[in-house]
Amino acid sequence: MSSFIKAGVIGHPIAHSKSPIIHSHWIEKYGLKGSYEKIDIPPNNFKKDISTLIDQGYVGFNVTVPHKQTIMALCDYIDETATAIGAVNTVKIIDNKLYGYNTDAYGFIQNIKQSVPEFNFTSGAALVLGAGGAARAIVYGLLKQGVPEIIVTNRTIEKSFDIMSLDNKRIRVVEWDLKEANLKNVHLVVNTTSLGMKGQSPLIFNLSDLPKQAIVNDIVYAPLKTNLLTNAELSGNLTLTGIGMLLHQARQAFEKWFGIMPEVDDALIEKVLA
Ligand code: ATR
């Protein structure tokens, strides 16, 4: 067998995925023999299509919409993080067996650690807007970092209560309409909703009660500077764009397949934003 390493991303649709740009950059940067492709897999023949990838010798693949939950049934092993988050976004294939992971929590936390090294996760509360898959991964990551209180708010309150099951002592659910009334002790605000994305309505959020030392992180990256981040800058808060989580979550997947923990460099950021 050759040492050529084949990886990719499965999803449907998949044309929009930025992952090939990211992984191809690292394959080239580290002088590896390998490829990373977009693989369009519709839901109807899912099991058979995954077997084909195994037969074709893939070392693994990323998993995106709509397969992040359905892939779990086909995994022979799922790690603790992916189990808690309830979704697999990275698969490694070893001896025809599928090992499932979720790198979103790592990506979110690593981005903050590298961008704001002085940020102390244990010093105050976090406010998470939204309660979808990304929010669950982020809340899981924040809990692991020892954040003492996480306020979760979502338009559909029932989904916030689902997330609360991760730790019902440290997670507090607040109604969507009351999200601005709970900012006094908040050191980190994270938007995980699709509000602010290109083609969606902006997130209208009054930051006047937010402490000035708080970080505001939008995980939306198209556009890079959302309405929320513009307002946060005007309020004097430090801001983080969504591109960081995207790049850092890819690092952990790359490491699993290629055996090197890659770095996020400026050339990569430029390519992904082009
Ligand atoms: P992801 O996997 O990226 O988290 P998702 O699971 O589709 O995506 O979640 C989208 C999030 O954006 C949800 O929290 C959703 O709120 P609902 O649970 O009420 O649907 C939120 N969202 C989408 N459109 C919204 C809107 N117009 N106002 C408020 N929240 C919105």
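First, a word on what this report is: a plain description of the structure on this page.

Considering the site of the ligand
Move 1: Taken together, 13 residues sit near the ligand, with Ala 134, Asn 154, Arg 155, Thr 156 and Lys 159 positioned nearest.
Move 2: Between Lys 159 and the ligand, the recorded distance is 2.7 Å, taken from a side-chain N or O atom to an oxygen atom.
Move 3: Contact with the protein chains removes 66% of the 650 Å² of surface that the ligand exposes when unbound.
Move 4: According to the grid-proximity analysis, the pocket containing the ligand is the largest pocket.
Move 5: The residue inventory of the shell around the ligand, partitioned by class, reads 4 nonpolar, 7 polar and 2 charged.

Let's talk about the sheet that holds strand E4 (residues 77-78)
Move 1: Taken together, the 6 strands give an open sheet; going across it, the order is E2-E1-E3-E5-E6-E4, and neighbouring strands pair in mixed fashion. Single-partner strands in this sheet number two, and they are strand E2 (34-40) and E4.
Move 2: Those strands touched by helix H1 (residues 19-29) are strand E1 (5-11), E2 and strand E3 (60-63), and its axis lies near 170 degrees from that of E2.

Points about the sheet that holds strand E8 (residues 150-154)
Move 1: Strand order in the open sheet formed by 6 strands is E9-E8-E7-E10-E11-E12, and the pairing between neighbours is parallel. Here the strands that pair on one side only, and so sit at the sheet edges, are strand E9 (171-175) and strand E12 (238-240). Between one strand axis and the next, the sheet turns by 20 degrees as a mean value, whatever way the strands run.
Move 2: One ladder, built from 5 bridges, connects strand E7 (residues 125-129) with strand E10 (residues 186-191); its direction is parallel. Paired with Ala 125 across the strands is Val 186, a residue of E10.
Move 3: Against the sheet, helix H6 (residues 157-164) touches E8 and E9, its axis set at about 175 degrees to E9.

Some thoughts on the nonpolar core
A general trend in soluble globular proteins is that nonpolar side chains are found buried together.
Move 1: Of all hydrophobic cores here, the largest spans 27 residues; its most connected members are Phe 108, Ile 138, Val 139, Leu 142, Ile 150, Ile 171 and Leu 188.
Move 2: Of all the secondary structure elements, the ones that give two or more residues to this core are helix H4 (104-115), E7, helix H5 (133-144), E8, H6, E9 and E10.
Move 3: Considering each element in turn, this core owes the most residues, 5 residues, to H5.

Digging into the pattern of salt bridges
Move 1: On inspection of all chains with the given rule, the structure shows 8 salt bridges.
Move 2: Across the pair Asp 104 and Lys 68 runs a salt bridge whose closest N-O atoms are separated by 3.5 Å. Of the two residues, Asp 104 sits in helix H4 while Lys 68 sits in the loop between E3 and E4, which places them 36 residues apart along the sequence.
Move 3: In this structure, the salt-bridge partner of Arg 172 is Glu 149, at a minimum N-O distance of 2.6 Å. Placement of Arg 172 in strand E9 and of Glu 149 in the loop between H5 and E8 is noted, with a sequence separation of 23 residues between them.

Looking at the side chain of Thr 153
Move 1: Checked against the element boundaries, Thr 153 lands in strand E8.
Move 2: A polar side-chain atom of Thr 153 sits 3.4 Å from the main-chain carbonyl oxygen of Glu 175.
Move 3: Look past the residues within four positions of Thr 153 in its chain and what remains in contact with it is Leu 127, Val 128, Leu 129, Gly 130, Ser 160, Val 174, Glu 175, Trp 176 and Lys 179.

Describing unusual backbone geometry
Move 1: Cis peptide bonds are those with omega within 30 degrees of zero, and the linkage from Val 65 to Pro 66 qualifies with 5 degrees.
Move 2: Of note, Pro 66 is situated in the loop between E3 and E4.
Move 3: Here the amide bond leading from Ala 222 into Pro 223 is cis, since omega sits at 5 degrees, within 30 degrees of zero.
Move 4: Inspection of the secondary structure puts Pro 223 in the loop between strand E11 (215-218) and helix H7 (227-234).
Move 5: Phi angles above zero are rare outside glycine, and Asp 95 is one such case at about 50 degrees.

Focus on the side chain of Thr 192
Move 1: Along the chain, Thr 192 falls in the loop between E10 and E11.
Move 2: Within polar-contact distance, the side chain of Thr 192 engages the backbone oxygen of Leu 129 at 2.7 Å.
Move 3: Beyond its immediate sequence surroundings of up to four residues, Thr 192 is in contact with Val 128, Leu 129, Gly 130, Ala 131, Ala 135, Ile 138 and Ile 219.

Analysis parameters
- Residues numbered from 1 in each chain as written.
- Predicted model: local features only at pLDDT ≥ 70, side-chain atom pairs only at ≥ 80, totals over all residues.
- Heavy atoms only, no water.
- Near = heavy atom within 4 Å.
- Polar contact = N/O pair within 3.5 Å; in protein donor to acceptor, adjacent residues only side chain to side chain.
- Areas by Shrake-Rupley, 256 points an atom, 1.4 Å probe, with all protein chains shown as cover.
- 1 Å grid on protein atoms, 1.4 Å probe; cavity = no way out; pocket = protein on both sides within 12 Å on 5 of 7 lines; lining within 4 Å.
- Sits in = over half its atoms within 2 Å of the grid points.
- Nonpolar A, V, L, I, M, F, W, Y, C, P; charged D, E, K, R; others polar.
- Pairing = 2+ DSSP bridges.
- Helix = DSSP H or I, 4+ residues; strand = E, 2+ residues; numbered from the N terminus.
- Contact = heavy atoms within 4.5 Å.
- Axes fitted to C-alpha atoms, helices over the stretch in contact; angles between N-to-C directions.
- Core = buried A, V, L, I, M, F, W, Y, C linked by side-chain atoms within 4.5 Å.
- Buried < 20%, exposed > 50% of the residue type's maximum accessible area, 1.4 Å probe, protein only.
- Salt bridge = Lys/Arg side-chain N within 4 Å of Asp/Glu carboxyl O.

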